[in-house]
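Next come the chains, spelled out residue by residue.
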Amino acid sequence: MESNGEENRGEVPKTPLENNYMAGAMLANGISFVWLQLLTLLGPTASNAPMELLVDLSYIIFIAAGYISSTQVLKRTETDHLKVGLKTAFYSSIMGLLIVYSLLREPTMRLAASISLCYFAGSILASYRAVKRRIYSEETTT
Amino acid sequence: MFWDEDITPEEEEEIIEWTARQFYRYGLETAAILFLESYKPISRLGTSLGTVFFTPLFPLFGDNVAIRSEKVLRVFQESRNVERLIQRLEEIVREEEAKRKESKAEEPDEKKGWRRYLPFI
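Parameters and conventions
- Residues numbered from 1 in each chain as written.
- Chains lettered and ligands numbered in written order.
- Predicted model: local features only at pLDDT ≥ 70, side-chain atom pairs only at ≥ 80, totals over all residues.
- Helix = DSSP H or I, 4+ residues; strand = E, 2+ residues; numbered from the N terminus.
- pLDDT = per-residue confidence, 0-100.
- Contact = placed C-beta atoms within 7 Å.
- Nonpolar A, V, L, I, M, F, W, Y, C, P; charged D, E, K, R; others polar.
- Expected span 1.5 Å × (residues − 1).
- Buried ≥ 20, exposed ≤ 12 C-beta atoms within 10 Å, placed from the backbone.
- Core = buried A, V, L, I, M, F, W, Y, C linked by C-beta atoms within 7 Å.
- Axes fitted to C-alpha atoms, helices over the stretch in contact; angles between N-to-C directions.
- Parallel < 35°, antiparallel > 145°, perpendicular 65-115°, else oblique.

**Q** Pulling in residues and values, what's your account of the overall build of chain A?
**A** Scanning chain A from N- to C-terminus turns up six helices and zero strands. Along the chain direction, N to C, the helices and strands of chain A fall in the order α-α-α-α-α-α.

This is the structure in structure tokens:
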């Protein structure tokens, strides 16, 4: 991957590689996993933080994770933004499913589905922002 | 219906221009590009589905709408025309942005948002 980057220095590849999608999935799930671990400290059994607030915050963080990872992968594409964003969300969801069922103490399908949905929402948002950035960028307006 | 009518290249151009202008008018240029980029490979399937489901409804709005909409569906059957629509939309955005910047340069520096209520800022 690094050697490829060295060879193509200064050139942006037109479509992301599989490694890029995997890296995006790792990033999204890294953010989510850190938050899930933090919840054990902030959760209702450990602190006085209200459950509803933590649930709402979790959704925001999962969407942000999907958004951040998709934004990074979308930097590697020039066309088909929605396709690339959704593919990143798909990879992230698969990895999220593995993480939820292998690392968490009480895995539930609802949690995995919520995380997956949030990744898709975040990736659509990132795709929209990427297209907007492309068509309204300084290069195109001059 | 009207399938035997030929669409001239000028008509094709006019339909693409009209569609792009309508997208821009309603501020949907980003969403349209995002959707059309993904839709392009299946444009034939999409327009075929549109023809099957919506064509019977078009005559309710009059003959002109029926003819026009069928022509639009036929034009966007070709992925080449979808690509042209995307490019035209990008051009329109560039043109309008350039115009906006020019008019902004001519106008005096106006305060925007909450700053206009504060005379000392």
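**Q** Any details on the confidence of the model for chain A? Residues and values, ideally.
**A** Low pLDDT marks stretches whose predicted atomic positions should not be read closely. Mean pLDDT for chain A: 85, with 86% of residues reaching 70 or above. Contacts of residues 1-7 of chain A to residues separated by more than four positions or lying in other chains number one contact, the stretch itself having pLDDT below 50.

**Q** Outline the interface of chain B and chain A, listing residues and values.
**A** The interface is formed by twelve residues belonging to chain B together with 13 residues belonging to chain A. Elements that contribute at least two residues to the side of chain B that touches chain A include exactly helix H2 (29-39) and helix H5 (79-106) of chain B. With seven residues, H2 of chain B is the single largest residue contributor to the side of chain B that touches chain A. When grouped by side-chain class, the residues that make up the side of chain B that touches chain A number five nonpolar, two polar and five charged.

**Q** Which residues make up helix H3 (residues 43-54) of chain B, and what values do they have?
**A** Between the first and last C-alpha of H3 of chain B there are 16 Å, a value that for twelve residues agrees with the 16 Å anticipated at 1.5 Å per step. Of all twelve residues that make up H3 of chain B, zero are buried, and the element is exposed over most of its length.

**Q** Account for H5 of chain B, naming residues and giving values.
**A** Three or four residues apart is the spacing at which side chains of an α-helix point the same way, because the helix has 3.6 residues per turn. Over its 28 residues, H5 of chain B extends 41 Å from the first C-alpha to the last, a length consistent with the 40 Å expected when each residue adds 1.5 Å. Along H5 of chain B, the residues that are buried comprise Val 82, Leu 85, Leu 89 and Val 93 of chain B. Buried residues in H5 of chain B make contact with helix H5 (109-135) of chain A together with helix H1 (9-25), H2 and H3 of chain B.

**Q** Talk me through the nonpolar core; I want residue IDs and the actual numbers.
**A** Core analysis: the biggest nonpolar cluster contains 36 residues, and Phe 62 and Tyr 119 of chain A together with Leu 89 of chain B have the highest contact counts within it. Of all the secondary-structure elements, those providing two or more residues to this core are helix H2 (18-42), helix H3 (51-74), helix H4 (81-103) and H5 of chain A together with H1, H2 and H5 of chain B. Looking at which element gives the most residues to this core, the answer is H5 of chain A, with eight residues. If we skip the residues at most four places from it in the chain, Phe 62 of chain A touches Ser 32, Ile 115, Cys 118 and Tyr 119 of chain A.

**Q** How would you sum up the packing of H1 of chain B against helix H4 (residues 63-75) of chain B? Please name residues and give values.
**A** All names here are of chain B. Contact geometry of H1 with H4 gives a least axis separation of 10 Å together with a crossing angle of 95 degrees. Between H1 and H4, the angle falls in the class roughly perpendicular. Residues Glu 11, Glu 12, Ile 15, Ile 16 and Thr 19 of H1 pack against Lys 71, Val 72 and Val 75 of H4. Each residue belonging to the contact of H1 with H4 can be placed in one class, and the counts come to four nonpolar, one polar and three charged.

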